[in-house]
Amino acid sequence: MMQCDAVLLQGNCIVNESMLTGESVPVTKTSIVDRPDVIYKEKEHGRHTLFCGTQIIQTRFYGGERVTAVVVRTGFSTSKGSLVRSIMYPPPVDFKFQQDSYKFVGVLAAIASVGFIYTVVTKFLRDLSPSAIALDSLDLITIVIPPALPMAMTVGILYALQRLKHQKIFCISPRSINISGVLNCVCFDKTGTLTEDGLDMRGVVPVSQASDNVELTPMTSAMTLPHDHLLFAMATCHSITIINLEKVGDPLDLKMFESTGWTLDEPGLDDTNKYDMMMPSVVRPSAPDVVISNENVETEPPLELGMLRQFPFSSSLQRMSVITRKLGASNFDLYCKGSPEMIASLSRPETIPTDFTEQLHQYTIQGYRVLALGWRPLKLSYLKAQRINRDEVECDLQFLGLLVMENRLKKETTPVISQLHKASIKTIMITGDNMLTALSVGRECGLVSPHQQVITITATAPDEGSAASLAFHANKPSTPATPVMSQRVDSVVQVDLDEKVNSSFCFAMEGKSWRVVHQYFPEVLQKLVVRGAIFARMNPDQKQQLVLELQGLGYFVGMCGDGANDCGALKAAHAGISLSEAEASVASPFTSAEPNISCVPKLIKEGRCALVTSFGVFKYMAAYSLTQFVSIMILYSIDTNLTDFQFLWIDLFLITVFAIFFGRTDSYNGPLASYSPPAALLSLAPIMSILLHMLIVISFQAFSFFYVQQQPWFVPYNTSLAEEDIFGCYENYAVFSVSQFQYIILALVFSRGPPFRQHVYTNFLLTGSLVVMTICCVVFTVAPPDFVISFFELVVPPDDDEEAYFFKWQMVIISALYSLLAIFTEYVIIDYIFYQKCKPKFHNIDKSKKKYLALERDMQQDKNWPPLATCDAEVGVDKKELILDACKLHDATLKSEVNGHPPNVVTTVTQFHSSL
């Protein structure tokens, strides 16, 4: 186990990096090139770096040389250290609810200050002792700011954690649960997330030489291939190794190698010895398949290929290669495997099939994973073969053919994507795979709807004499992604669209275009991101950039990946969900034990339930503290107070019990609602709700306070008893009787049900406690037992007076009327009239605060976006500024400025100038 980050100087290592990357497949680490011009960079030389926390499974070295590495980082500076540090000190979740909760506590503190000053002044004017004034005034602060609030909020999150664990979703960042309830954009990796992790070998497409043309033949099985370079490439160009007598490696490599029917031997490793000399791995046909020439049977060596050196796969280079030697051959061979576009660019033009683009399109549009293979002979010494740089040999290849593999959709993918779309949640695919394969998978799973037009974006970086260019290509659902206009225009924005582009369009872009647009067209990038659906050939850094860009536009972003290349995006997202059970799941707040995206709607449901619960608990605790504050302020007016056991009954038995059981209501088991619960505590609806309830609470408590004074049996409170801490009186009884019912009703009112939580009656503990506490409160009000009267120090209206007995029941009736009015206020006035009827009128105001909504609105209103193929569209952002500046100059100056630009720009400038 590595205890530091180190760079490999000599030898090779096979490493298990699942702790950091989530990729359970062992990785081969090679020694770094020893050249003065090579400067070590962590991201560029990851294949030469042994990271802290990873396990070295096997080492190999040459002869007497040992496997050596130099330490570059230790402790918290290592990759594992930074991961641990990010877990211990995660970045603050920028969530409106948490920010508003602190502000709301500040508002409560301000209310407490007002009550504090009012109490000090009024009691001082009534000549009370300083000790009594100080005690009563400071008591208000603990009443208005409830000490139980953090506990109540935490309990709700704990219940959400338990429900997630029951659904096999594990969380290491509990505060991320609430924010997952407002997700409105979810990004998905493709391979292993939307599609099955394993690949099935579909076939091989060899190259055939027909007269002067090189063409691809129909797809065939690898078992039918002759013993030629295509078969040799499939047998050797992989990173498979033998550990504990079993072949391990990338699933794609394993499928490819198994399809050949060949065997792999690693000399000297039969005894599973992990430290041995660097001897080449050897591949040979299985015994029944060995074909030997009829002549010279005894002298011809058997067919064996030794793999002398491996250049590991690099996502940035999009290829891997091996240097091999056939037994008995005098020269070496290099076999290269990678993306078709990359292998074609490295191959000699005359070896590339004439129908390469057409055939590649046919396979990728069907959703197949396509790789290409290339070969070249090498004439060099063994020592040079071990030292040479890969760039020197990975060129001038002969194109051998295509490898076609099938990557099936997971059965859960399509229903989940459909469910998210119905809930108005934006879905995006971010993959390192081919664009056409990604588009095919996107259409198959419903991420891109059948009637939706896809516009692919192609951007080119600036070159000598030309500016950065941006091209839009219309891709109809039933036709290939080819430009509508065939001519090429050297403009900053080239447009290839129908004039009848439907309003339901989306953008697709590759990683290299993303890099150019990100750097040169930031304003256009925002529109592309808002309508973007497919992002292909994206490296890990670009995935993270996309997530950050979405967040910058106001989206709450979720990221779901298998943990292999998605750690950066998983960390950056508001809610990252890893589908990997490896230790790398610590890189994301959530990990699903079920390796499919069915966890996403489950998490959103639980997040919405937790958020509504947090809202309810917070509103309830705030309303409880303000209700108690009202009771105290009313009783302070006659220098009395609630007794100690009355406080204990309210705080411990009523409030604490309700706060603990409040969060036990399960999430709604119906479909996802098309809108999220409110995320801002200080928005109009929650504030209006609390204010209206407080108005009703004050009205009913004040009414009971003055109503009891009108009774014929009423005896006023003797203020001199306050110095002896005797607070029992008829006013105390009236206010306490009504207020205890108010705490119960507020718990019922704020415990919301569908569409985010189940109905309150499904929460048996909360419902049972509401019923039991209501019965207790009725008994305490109408016929309190002697021990209750003694403990609570109640002064109960006389039992022998009929009017006094009727007054007790009047307190219960008043509380029942309060209950009806509170329910009507919350469910009719706040929820129905304000939130559902009036809120849409304010919706446009809210839209302006979210940048992506403003951009979406602008694109819908702008009939020229995406821009049509007109003269105006040929003028890009940068050149418009150039032209406007040029038009301000003298004609002679204008000509001199323009002469340095291509002819089409001169024409455009002239046309634009004349139109002005």
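Residues numbered from 1 in each chain as written. Predicted model: local features only at pLDDT ≥ 70, side-chain atom pairs only at ≥ 80, totals over all residues. Heavy atoms only, no water.

### Some remarks on the overall build of the protein chain
Move 1: A tally of helices and strands in the protein chain yields 29 helices and 29 strands.
Move 2: Taking all 916 residues of the protein chain together, the buried fraction comes to 53%.
Move 3: Put simply, 73% of the contacts in the protein chain that link residues at least 6 apart link residues at least 24 apart. (Helix = DSSP H or I, 4+ residues; strand = E, 2+ residues; numbered from the N terminus. Buried < 20%, exposed > 50% of the residue type's maximum accessible area, 1.4 Å probe, protein only. Contact = heavy atoms within 4.5 Å.)

### As for the sheet that holds strand β6 (residues 68-73)
Move 1: Spatially, the three strands line up as an open sheet ordered β4-β1-β6, and their pairing is antiparallel. Two strands in the sheet have a free side with no partner beyond their single neighbour: β4 (49-50) and β6.
Move 2: Strand direction decides the pairing type here: strand β1 (residues 5-10) and β6, joined by five bridges, are antiparallel. Residue pairing in the sheet places Asp 5 in a bridge with Arg 73 of β6. (Pairing = 2+ DSSP bridges.)

### Concerning the side chain of Lys 426
Move 1: Looking at where Lys 426 falls in the secondary structure, it is placed in strand β21 (residues 426-430).
Move 2: Buried and without a salt bridge, Lys 426 has Glu 856 as its closest oppositely charged side chain, separated by 6.7 Å. (Lys, Arg positive; Asp, Glu negative; His and termini not counted. Salt bridge = Lys/Arg side-chain N within 4 Å of Asp/Glu carboxyl O.)

### Observations regarding the environment of Ala 69
Move 1: Among the secondary structure elements, Ala 69 is positioned in strand β6.
Move 2: When sequence neighbours within four positions are dropped, the list of residues in contact with Ala 69 reads Ala 6, Val 7, Leu 8, Leu 9 and Leu 50.

### Here's the deal with the pairing of strand β2 (residues 12-16)
Move 1: Across the five residues of β2, four count as buried, placing the element largely inside the fold.
Move 2: The sheet contact formed by β2 and strand β3 (residues 27-29) spans three bridges and is antiparallel. Counted as the bridge partner of Val 15 is Val 27 from β3.

### Considering the nonpolar core
Move 1: Membership of the largest hydrophobic core comes to 127 residues, with the highest contact counts inside it found for Ile 534 and Val 600.
Move 2: No other element matches the 22 residues that helix α19 (residues 599-636) contributes to this core.
Move 3: Apart from residues no more than four positions distant in its own chain, Val 600 is found in contact with Val 186, Phe 188, Leu 420, Cys 560 and Ile 577.
Move 4: Membership of the second largest hydrophobic core comes to 39 residues, among which are Ile 428, Val 517, Val 557 and Ala 572. (Core = buried A, V, L, I, M, F, W, Y, C linked by side-chain atoms within 4.5 Å.)

### Concerning the packing of helix α20 (residues 644-662) against helix α22 (residues 730-750)
Move 1: Running from amino to carboxyl end, α20 crosses α22 at an angle of 5°, the nearest separation of the two axes being 10 Å. Taken together, the axes of α20 and α22 are roughly parallel relative to one another. Residue-level contacts link Gln 646, Trp 649, Ile 650, Leu 654, Ile 655, Phe 658 and Phe 662 of α20 to Asn 732, Phe 736, Gln 740, Tyr 743, Ile 744, Ala 747 and Phe 750 of α22. (Axes fitted to C-alpha atoms, helices over the stretch in contact; angles between N-to-C directions. Parallel < 35°, antiparallel > 145°, perpendicular 65-115°, else oblique.)

### Brief notes about the packing of aromatic side chains
Move 1: Summed over the entire model, instances satisfying the criterion amount to 23 aromatic pairs.
Move 2: Taking the centre distance of 6.0 Å and the plane angle of 65° together, the rings of Tyr 624 and Tyr 743 count as edge-to-face. You can see Tyr 624 sitting in helix α19 and its partner Tyr 743 sitting in helix α22, a full 119 residues away along the chain. With respect to class, Tyr 624 is no different from Tyr 743; both count as buried. (Phe/Tyr/Trp six-rings, centres within 6.5 Å; stacked < 30°, edge-to-face > 60°.)

### Structural notes on the confidence of the model for the protein chain
Move 1: This prediction gives the protein chain a mean pLDDT of 81; 83% of its residues lie at or above 70.
Move 2: Confidence over residues 289-299 falls short of pLDDT 50; this stretch has seven contacts with residues more than four positions distant or in other chains.
Move 3: When the criterion is pLDDT under 50, residues 843-848 qualifies, and its contacts beyond four places in sequence or with other chains add up to four contacts. (pLDDT = per-residue confidence, 0-100.)

### Some thoughts on the pairing of strand β16 (residues 305-314)
Move 1: Of all 10 residues in β16, nine are buried; the element is thus mostly enclosed.
Move 2: Direction of pairing for β16 relative to strand β17 (residues 319-326): antiparallel, over a ladder of seven bridges. Bridged to Ser 314 within β17 is Arg 319.

### Here we look at helix α17 (residues 540-552)
Move 1: Its 13 residues place the ends of α17 19 Å apart at the C-alpha level, agreeing with the 18 Å of an ideal helix rising 1.5 Å per residue.
Move 2: Among all positions in α17, only Gln 542, Lys 543, Leu 546, Val 547, Glu 549 and Leu 550 are buried. Down the axis of α17, the buried set is contained in an arc of 160°. They therefore lie on one face.
Move 3: Once α17 finishes, Gly 554 follows within two positions and takes phi at roughly 105°, a positive value. (Expected span 1.5 Å × (residues − 1). Arc of directions from axis to C-beta.)

### Quick notes on a nonpolar patch on the surface
Move 1: On the surface, a nonpolar cluster with roughly 570 Å² of combined accessible area is contributed by Phe 645, Leu 648, Leu 652, Phe 653, Phe 787 and Phe 791.
Move 2: Elements represented by at least two residues in the nonpolar patch include exactly α20 and α24 (786-792).
Move 3: Top element by residues in the nonpolar patch is α20. It accounts for four residues. (Patch = residues over 30% accessible without salt bridge, like charges linked within 9 Å, V, L, I, M, F, W, Y side chains within 5 Å. Areas by Shrake-Rupley, 256 points an atom, 1.4 Å probe, with all protein chains shown as cover.)

### Notes on the pattern of salt bridges
Move 1: For the coordinates displayed, the defined rule picks out 23 salt bridges.
Move 2: In this structure, Arg 319 and Glu 394 form a salt bridge, with 2.6 Å as the shortest nitrogen-oxygen distance. Here Arg 319 is found in strand β17, whereas its partner Glu 394 is found in the loop between α12 (390-393) and β20 (398-406), with 75 residues between them in sequence. For the pair Arg 319 and Glu 394, one class covers both residues: buried.
Move 3: Linked through salt bridges whose partners overlap, the residues forming this network are Lys 123, Arg 126, Asp 136 and Asp 639.

### A few points about the state of the cysteines
Move 1: Inspection of the entire model under this criterion finds zero disulfides.
Move 2: This cysteine, Cys 560, is not joined by any disulfide, and Cys 599 carries the nearest cysteine sulfur, 4.6 Å off.
Move 3: For Cys 560, a relative accessible area of 0% translates into the label buried. (Disulfide = S-S within 2.5 Å.)

### Considerations on unusual backbone geometry
Move 1: A cis geometry characterises the amide bond from Pro 754 onward to Pro 755, with omega recorded as 10°.
Move 2: Its identity is not glycine, yet Lys 168 carries a phi of approximately 65°, on the positive side.
Move 3: Locating Lys 168 in the fold gives a position in the loop between α5 (149-166) and β7 (169-171).
Move 4: With a relative accessible area of 44%, Lys 168 lands in the partly exposed category.

### Quick word on the environment of Arg 443
Move 1: Checked against the element boundaries, Arg 443 lands in helix α14 (residues 435-445).
Move 2: On the basis of relative accessible area, Arg 443 is assigned to the partly exposed category, the value being 22%.

### Some words on the side chain of Thr 193
Move 1: As for its position among the elements, Thr 193 is in the loop between β8 (185-188) and β9 (200-210).
Move 2: For Thr 193, a relative accessible area of 0% translates into the label buried.
Move 3: Ignoring any residue separated from it by four or fewer positions in sequence, one finds Thr 193 in contact with Phe 188, Lys 410, Thr 413, Cys 560, Gly 561, Asp 562, Leu 579 and Ile 597.

### Some words on the packing of helix α15 (residues 511-520) against α17
Move 1: Orientation of α15 relative to α17, taken along the N-to-C sense of each, is 50°, at an axis distance of 11 Å. Overall, the two elements α15 and α17 adopt an arrangement that is oblique. Both α15 and α17 take part in a crossing whose hand is left-handed. Seen from α15, the contacting residues are Gly 511, Trp 514, Arg 515 and His 518; seen from α17, they are Gln 542, Gln 545, Leu 546 and Glu 549.
Move 2: A class-by-class count of the residues in the contact of α15 with α17 yields two nonpolar, four polar and two charged. (Left-handed = near helix turned anticlockwise from the far one by under 90°. Nonpolar A, V, L, I, M, F, W, Y, C, P; charged D, E, K, R; others polar.)

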